[in-house]
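Descriptive analysis of the structure
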Amino acid sequence: MSTLKPAAVRRVAVIGGSRIPFARSDGPYATASNQEMLGAALDGLVERYGLHAPGAVGEFVAGAVLKHSRDFNLARETVLGSRLDARTPAYDIQQACGTGLQAVVAAANKIALGQTESAVAGGADTASDAPLGVNDNLRKVLLEARRAKSPGARLRALAKVRPGHLVPDIPRNAEPRTGLSMGEHAAVTARAWGVTREAQDELAAASHQRLAAAYERGLFQDLVVPFRGLARDQNLRPGSSTEKLASLKPVFGLDRPEPTMTAGNSTPLTDGAALVLLASEEWAAERGLEPLAYLSAYETAAVDFVHGDVADGEDGLLMAPAYAVPRMLERAGLGMADFDLIEVHEAFASQVLATLAAWEKRGLDPVDRSRLNVAGSSLATGHPFAATGARIVATLAKLLAERDAPGRGLISVCAAGGQGVTAVLERP
């Protein structure tokens, strides 16, 4: 009996990215659906890299965190509504804020194993067009009416409807296991790690200033496609400073003395979409495309933020990258000094600073701040949950490529549910 030989693992190239400018919720994209935003990003990628031909892309992988029932097949429906070949297979993926990066990892694995030659991966999210669920009591009444065997029984069931049943269930930014919002969880971690208000505001101001500078020098010219009147991220405040941020009142952790987290050093609710084009080296060479960088490692982790060591900050909701990164670097034989650029998703400034401190506690060298989020990150761009990972991959790959020298970049993304997704990009 013959057996299949294991496929040789191939390098996975990051060819480029495409995203729409991120917008504050209930703003320019208030009526845009996940599919419309994701389709705009995908069409931008198709146009930029000439992906119109049949079979040009082997697979499309994307997801969203806040999904309507109509989004049950979001990735596939996006393909069907785009300029990409309708025969392109597609599937959804979801891992909270890690969705975009996890989609990239899933697609990269198939390319690495020779199961496909190219793929597009990423995600979209809208906090504006959030799904409203039917009140659960009303749902039970309607289901009882549907099961009724006679018109009379159906009427008796419907007669149970009360005014309070008409109040919809609105999605909340809270963990089901604790009832606390992500911001409140982050406030607990900030206190545990002794993160100061001044340090948070400094990080937030730098994010805005660096993003503004990146736009000015044209970094995003081939990464961002205009959408609904926006050409830049709406949340960007080029004139942001620590002095201005210091004037804002705290909004999280108000149950304890001296709260430090404000709207300025936390990401706002955001709408947007981002995608990355991945491929084998052979696919890229056949089309004359120069890879920006290569994916060389990835790692996921999770913490027990319900029963774990939360009070001391070890198992805070957003601290999983503190475990994932050391594990990934040990496996790869790398240290912090081996990275030219480091991208840490800025869900909150306090979470970034706590993560940096935790890496040091776990034996990693301190992060050189001049290498951290050099083109700004989520505090300035905003954070459409499922889009952030793809935004970071495309941005970091472009940053490595423009150095025109060998280099390596680290990606760290925290996610709701106490999870983290991390990766390494290299340019030989």
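As shown above, the structure is provided for reference.
Residues numbered from 1 in each chain as written. Predicted model: local features only at pLDDT ≥ 70, side-chain atom pairs only at ≥ 80, totals over all residues. Heavy atoms only, no water.

1. Focus: the overall build of the protein chain
Note the cut-off: Here a strand is any run of E in DSSP of at least two residues, a helix any run of H or I of at least four, and the numbering for each starts at the N terminus. Based on C-alpha atoms, the radius of gyration is set beside the globule rule, defined as 2.2 Å times the residue count to the power 0.38. A simple rule labels every residue: compare its accessible area, found with a 1.4 Å probe on the protein chains alone, to the largest value its type can have, and call it buried under 20%, exposed over 50%, or partly exposed in between. Any two residues whose heavy atoms approach within 4.5 Å are treated as being in contact. Calculation of accessible area relied on Shrake-Rupley with a 1.4 Å probe; when residues are assessed, cover is drawn exclusively from the protein chains displayed. All tallies of charge rest on Lys and Arg as positive and Asp and Glu as negative; His and the ends of each chain are not included. Every charge is mapped onto a representative atom, which is NZ of Lys, CZ of Arg, CG of Asp or CD of Glu.
When its secondary structure is counted, the protein chain shows 13 helices and 12 strands. In terms of overall size, the protein chain behaves like a compact globule, its C-alpha atoms giving a radius of gyration of 22 Å where 428 residues would be expected to give roughly 22 Å. In terms of principal-axis extent, the alpha carbons of the protein chain reach across some 75 × 60 × 55 Å. Split into buried and exposed, the 428 residues of the protein chain put 56% on the buried side. The long-range share in the protein chain, meaning contacts at least 24 apart out of those at least 6 apart in sequence, stands at 80%. Taken as a whole, the protein chain presents about 18,100 Å² of accessible surface, with 53% of it coming from carbon and sulfur. Treating the 45 positive side-chain charges of the protein chain as one cloud and the 48 negative ones as another, the clouds have centres 8 Å apart.

2. Remarks on the packing of aromatic side chains
How we decide: To pair, rings of Phe, Tyr and Trp, with the six-membered ring standing in for Trp, must have centres within 6.5 Å; the planes then decide the type, stacked if under 30 degrees apart, edge-to-face if over 60, and tilted in the middle. Only lysine NZ and arginine CZ atoms are considered, and such an atom sits over a ring when it is within 6 Å of the ring centre and within 35 degrees of the ring normal.
Under the defined criterion, the tally for this structure stands at three aromatic pairs. Between Tyr29 and Phe227, the ring centres sit 5.0 Å apart and the planes meet at 70 degrees, which makes this aromatic pair edge-to-face. One end of the pair, Tyr29, is in the loop between strand E2 (23-24) and helix H1 (34-49); the other, Phe227, is in the loop between helix H7 (197-216) and helix H8 (242-245), and 198 residues separate them in sequence. On the accessibility criterion, Phe227 (10% relative accessible area) is buried. Arranged with centres 5.9 Å apart and planes meeting at 90 degrees, the rings of Phe252 and Phe348 form a pair that is edge-to-face. Of this pair, Phe252 sits in strand E6 (residues 250-252) while Phe348 sits in the loop between strand E10 (341-344) and helix H11 (349-361), and the two are 96 residues apart along the sequence. One cation-aromatic arrangement involves Arg362 over Tyr323; the distance from NZ or CZ to the ring centre is 4.3 Å.

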